[in-house]
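Secondary and tertiary structure notes
This is what each chain is made of:
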Amino acid sequence: MLIKTQAAIKESAVTDYALYQRRRDFLKIAGVALTGTVLPSIAPAGLQLPGYQPDPDSALKNQLTEAIKVTSYNNFYELGTGKDDPLKNAAKLKTEPWAITVEGECERPGVLAIEDLLAKFDLQERIYRLRCVEAWSMVIPWIGIELGQVLKRFQPTSKAKYVEFVTLMDPDNLPGQRRAVLDWPYREGLRMDEAMHPLSLLAVGLYGEVLPNQNGAPVRLVVPWKYGFKSIKSIVAIRFHEQQPATSWNVSAPREYGFYANVNPLVDHPRWSQARERKIGHLRKTQTLMFNGYAEQVAELYAGMDLRRQF
Ligand code: MTE
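Description of the structure in this document. None of the values given here were measured: they were computed from a predicted structure.

**Some remarks on the site of the ligand**
Around the ligand, a shell composed of 16 residues is seen, among which Asn 74, Tyr 77, Glu 78, Arg 220 and Lys 233 lie nearest. For the ligand, an oxygen atom lies 3.0 Å from a polar atom in the side chain of Asn 215. For the ligand, the protein covers 99% of the area, taking 530 Å² as the surface of the free molecule. Assessed atom by atom at 2 Å from the grid points, the ligand resides in the largest cavity. Residue classes in the shell around the ligand are distributed as seven nonpolar, six polar and three charged.

**Points about the packing of aromatic side chains**
Inspection of the entire model under this criterion finds nine aromatic pairs. Ring geometry for Tyr 128 and Tyr 294: centres 6.0 Å apart, planes at 85°, overall edge-to-face. Taken together, the residues span a long stretch of sequence, with Tyr 128 in strand 3 (residues 124-131) and Tyr 294 in the loop between strand 12 (285-287) and helix 8 (295-298) at a distance of 166 residues. You can call Tyr 128 buried: its relative accessible area is 3%. Given the relative accessible area of 6%, Tyr 294 is considered buried. Ring geometry for Tyr 162 versus Phe 259: centroids 5.8 Å apart, planes at 80°, classification edge-to-face. Here Tyr 162 is found in strand 5 (residues 162-167), whereas its partner Phe 259 is found in the loop between helix 7 (248-252) and strand 11 (276-279), with 97 residues between them in sequence. Neither Tyr 162 nor Phe 259 differs from the other in exposure class; each is buried.

**Details of the layout of surface pockets**
Roughly 220 Å³ of internal volume is contained in the second largest pocket. Along its surface, the second largest pocket is lined by 14 residues, and Asp 57, Ile 127, Leu 199, Tyr 294 and Gln 297 are the ones closest to its centre. When residues in the lining of the second largest pocket are grouped by element, the largest group, four residues, is from strand 3. For the lining of the second largest pocket, the residue count by class is seven nonpolar, three polar and four charged.

**Comments concerning empty space enclosed by the protein**
It is a probe the size of a water molecule, rolled over the atoms, that shows where empty space is left. Per the stated rule, a full pass over the model turns up one cavity of 30 Å³ or more. Each pocket or cavity is described by its volume, and for the largest cavity that value is around 340 Å³. Lining of the largest cavity is provided by 24 residues; of these, Asn 75, Phe 76, Arg 220, Gly 228 and Lys 233 occupy positions nearest its centre. When residues in the lining of the largest cavity are grouped by element, the largest group, four residues, is from strand 4 (residues 136-146). Looking at the lining of the largest cavity residue by residue, the class counts come to 15 nonpolar, six polar and three charged.

**Quick word on the pattern of salt bridges**
For the coordinates displayed, the defined rule picks out 13 salt bridges. For Arg 187, the salt bridge is made with Asp 183, and the minimal N-O distance between the two is 2.7 Å. Note on Asp 183: relative accessible area 37%, which makes it partly exposed. As a salt-bridge pair, Glu 194 and Lys 226 come within 2.7 Å of each other at their nearest N and O atoms. With Glu 194 in helix 6 (residues 192-195) and Lys 226 in the loop between strand 9 (220-222) and strand 10 (235-241), the pair connects residues that are 32 residues apart, well separated along the chain. In this structure Lys 226 comes out as buried when scored by relative accessible area, which is 0%. Taken together, the shared-partner salt bridges in this structure form one network comprising Asp 84, Asp 85 and Lys 88.

About the thresholds
Residues numbered from 1 in each chain as written. Predicted model: local features only at pLDDT ≥ 70, side-chain atom pairs only at ≥ 80, totals over all residues. Heavy atoms only, no water. Near = heavy atom within 4 Å. Polar contact = N/O pair within 3.5 Å; in protein donor to acceptor, adjacent residues only side chain to side chain. Areas by Shrake-Rupley, 256 points an atom, 1.4 Å probe, with all protein chains shown as cover. 1 Å grid on protein atoms, 1.4 Å probe; cavity = no way out; pocket = protein on both sides within 12 Å on 5 of 7 lines; lining within 4 Å. Sits in = over half its atoms within 2 Å of the grid points. Nonpolar A, V, L, I, M, F, W, Y, C, P; charged D, E, K, R; others polar. Phe/Tyr/Trp six-rings, centres within 6.5 Å; stacked < 30°, edge-to-face > 60°. Helix = DSSP H or I, 4+ residues; strand = E, 2+ residues; numbered from the N terminus. Buried < 20%, exposed > 50% of the residue type's maximum accessible area, 1.4 Å probe, protein only. Points joined across faces, edges and corners; volume = space filled by probe spheres on them. Salt bridge = Lys/Arg side-chain N within 4 Å of Asp/Glu carboxyl O.

Treat this as a map of the structure, not an account of what it does.
Below, the structure is given as structure tokens:
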């Protein structure tokens, strides 16, 4: 991943959760659709969130990254490699119509239109830390569906050991795909048990609103215990596999980006330390936590593995 020096960001740039919640309650009472109203973003015009279960997690509630940072400081190479390119080029991502093809080792392959995804599954808010491999992090109130619930509908067979995710390929519109920065389309993968873990989320919104294009509209993955590059954006295909699938960053730099990419402060990137991180909106660095703070929930998935070798 290209590394840029990040300009210092003000300590005060943290949104207060109570304020966010009060504003949401007010909008609900006023009958305003929570779409395209708060975020400085280009969000898909036709989509609306049908309502969701708020996240009761109190530990991260007061640590939310300011919404404007979440939607203007992004990694989305299809829209450019600069952190501000995805917002600038957001309108170039065409999200309507949108459907996800689900195929491979499953009994019921099919195509899932984004409208059906929103209508047929329960949406939940999940406040997660997202730790980028570039040693910065954010805390984001995502809205989405447990990935496992969606995958189950397609009845993966006993041969399905891995699941692959693929981003839209559209070089006519996506400027980044006209340059060979990565092996396009962007691809990611999880082991089946990782994909079925209740923390793995298919996100369709953030901060109470439909996902803005620069954050991976209309649907992206969020796997909070892994480095951010695993959280693939703008997904058009999901494939069940018997063998471990190739993934874009691993293909481009195998020594730097492993298949697992679990957040691990003990295993440095070959070119920099992963022991500390800068929370966006804070000046001081803090210690990075094993599995990004989710060790209690996910460590058992990796019991017996050598995490230095399988990084
Ligand atoms: N997905 C696609 N399709 N293309 C990308 O370039 N970047 C990844 C991930 N998903 C990327 C992607 C990286 S490196 C990170 S850190 C996160 O998206 C950033 O998500 P955010 O911009 O919503 O914070």
